Every structure is written in C-alpha cells, then in structure tokens.
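# Structure at a glance
Residue-level listing of the chains:
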Amino acid sequence: MTKFPVLTIDGPAGSGKGTIAEYVAQKLGWHILDSGALYRLVAVAAQKKNIGLDNDVALSELAENLDAVFLPCEGGGVEVCLDGDDVTHAIRTEECGCSASQVATNAGVRKALLQRQRNYLVAPGLVADGRDMGTVVFPDAATKVFLTASAEERAKRRFNQLNEKGVDVTLAGLILEIQKRDIRDINRSESPLVAAFDAVTIDTSELSIEQVVAQVLSLVADVSEKNTM
Ligand code: DC
C-alpha cells in the first residue's frame, strides 16, 4: 500500500481518462498526474532540439532533465511550461500525441520519467492518469480503474472537440489515427497499455461523464471504507 492514497486511471487515447481524472481529483481534493503530458513534453523538446524520436540515449537525457512546470489556472485547467515557454496548446495536437506515442516506446525515456511520476504522490492523495499507472508506476495503488471505449466512439469525441475549436479533420482520419496509436501503445515491449490484473474496467462508450465519475468515486469510497474497518 502506498503512503498516501492513489487512484490510477489507465486506458487508450480518447477513453475519457483526462476528463474523468480531473473531475474525480477535484471532488476528492487530491493532486493529479497527467503522465501523458510528460511524454508529450519530451516529444516537443525533441522536436525543438532536432532529436530523432528513436534516439533512445538523447531522448532519455532530455527526459531526465526535462524542465517542465504545471501551473493550475484559476478557472480550472493547467498551464504547461517547457523551459519557461507556455506549451499548453502545443502539446495537445494530434501530431504531438502521435510523436509522444513513439517517444514512449523508448525504454530509457520510461525509466527516466519513472521517479518523476512517483514524486507526484503527496498528501492528501493522487489521481494518476496514463497507460501504465496501475501496472508499473503505482502497482500498489489502492484503487485502479481501466477506462475503455470503442475506437469509433473515441474518435467521435475527439472529432467534436476539434470541430468546436474549428480544426479541420475527418472522422475517418481520426479513427485510423486512434487505431494506429492503440496498436503502438498495446504492442510495445516497454510497459504496454494493459489493464492491471486488479483494475476495474469501465466501458465508457454508452456512459455520461457524470455516470463514470460516480462509479469511480464509489470505488474509491469502497476502498477507504475497507481501510477504516
Ligand atoms: O494520454 P496521452 O494521449 O496524453 O498520451 C500520449 C502518449 O504518451 C500515448 O500515446 C502513449 C504515451 N503514454 C505512455 O506511454 N504512458 C503513459 N503513462 C502515458 C502516456
């Protein structure tokens, strides 16, 4: 068992992890770790320095010395800075997600980011969102959730988000992109995307955000009740 309570939320791109993690962390008053943002930051830093996405040694060094700051904004959300520059929007593009997925296949990068991720665990607790939170980074977490949704549903959500922002994309293109990312995340040898054996899987395809949040909060409550018995 970890020193402070940890809730891990893992799952594929677009399964709703980020949104659910944010709502649940707010309700619980816990800290949040968006581990995907760290891989995205390594990808941005690599691009800035012209480092190839398969150069494990150079990427590991980048990851080791990543000057990343997450500043909570007053009205909600987080400002993300890399080397003092605001990269909040730059790290959220489809292109950056795809590069992050490639960066994340490097064993040295994953090793370099491991302790940094664990350092996010401080009182009163942590909601950790990613691909390997329950399997590798916080294997002793008290509550583990694995969120899924069909590739079509996930692409649809992303399509609506991007449409709202006026970004010109096609649904068919997004489905292909998501399937490609799933294949890479699931099949890599280092910390592949897989549900921890003790995780509860929730298929969010047909559920509202409120319904998923309620299910996750009730799992956390069950665990904390058991621990106080
Ligand atoms: O959650 P996200 O879309 O921001 O993650 C971007 C990429 O980073 C994802 O395709 C795989 C990688 N990633 C990872 O390998 N392990 C994590 N814990 C989080 C993200």
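What you see is a predicted model; the values in this text were computed from it and never measured.

## Section: the overall build of the protein
Each helix and strand in the protein was counted, giving nine helices and eight strands. The C-alpha radius of gyration of the protein comes to 17 Å, within 12% of the 17 Å expected for a compact globule of 229 residues. Along the longest, intermediate and shortest principal axes, the C-alpha atoms of the protein span 55 × 40 × 35 Å. Here the protein holds 229 residues, and the buried ones make up 44% of them. Taking the contacts inside the protein whose residues are at least 6 apart along the sequence as the reference set, 74% of them involve residues at least 24 apart. Here the protein displays about 11800 Å² of accessible surface, and carbon together with sulfur accounts for 53% of that area. With 23 positive and 32 negative side-chain charges, the protein shows a spacing of 2 Å between the two charge centroids.

## Details of unusual backbone geometry
Backbone torsion omega between A123 and P124 reads 5°, so that peptide bond is classified as cis. Structurally, P124 can be placed in the loop between α5 (107-118) and β6 (126-130). Despite not being glycine, S191 has its phi angle at roughly 40°, a positive value. The residue S191 is located in the loop between α8 (171-187) and β8 (200-203) in this model.

## Side note on the site of the ligand
Around the ligand lies a shell of 16 residues, among which R40, R110, R131, D132 and R188 are the nearest. The separation between an oxygen atom of the ligand and a polar side-chain atom of K17 is 3.3 Å. The contact in question runs from an oxygen atom of the ligand to an N or O atom on the side chain of R181, over 2.9 Å. Burial of the ligand by the surrounding chains reaches 96%, relative to a free accessible area of 440 Å². Those elements giving two or more residues to the shell around the ligand turn out to be α2 (35-48), α4 (94-103) and α8. No other element matches α2, which puts four residues into the shell around the ligand. For the shell around the ligand, the residue count by class is four nonpolar, four polar and eight charged.

## With respect to the state of the cysteines
On inspection of all chains with the given rule, the structure shows zero disulfides. C96 takes part in no disulfide bond, and the closest cysteine sulfur to it belongs to C98, at a distance of 9.7 Å. A residue is classified by how much of its surface remains accessible, and C96, at 7% relative accessible area, is buried.

Reading the values: rules and limits
- Residues numbered from 1 in each chain as written.
- Predicted model: local features only at pLDDT ≥ 70, side-chain atom pairs only at ≥ 80, totals over all residues.
- Heavy atoms only, no water.
- Helix = DSSP H or I, 4+ residues; strand = E, 2+ residues; numbered from the N terminus.
- Rg over C-alpha atoms; globule rule 2.2 N^0.38 Å.
- Buried < 20%, exposed > 50% of the residue type's maximum accessible area, 1.4 Å probe, protein only.
- Contact = heavy atoms within 4.5 Å.
- Areas by Shrake-Rupley, 256 points an atom, 1.4 Å probe, with all protein chains shown as cover.
- Lys, Arg positive; Asp, Glu negative; His and termini not counted.
- Charge placed at Lys NZ, Arg CZ, Asp CG, Glu CD.
- Near = heavy atom within 4 Å.
- Polar contact = N/O pair within 3.5 Å; in protein donor to acceptor, adjacent residues only side chain to side chain.
- Nonpolar A, V, L, I, M, F, W, Y, C, P; charged D, E, K, R; others polar.
- Disulfide = S-S within 2.5 Å.

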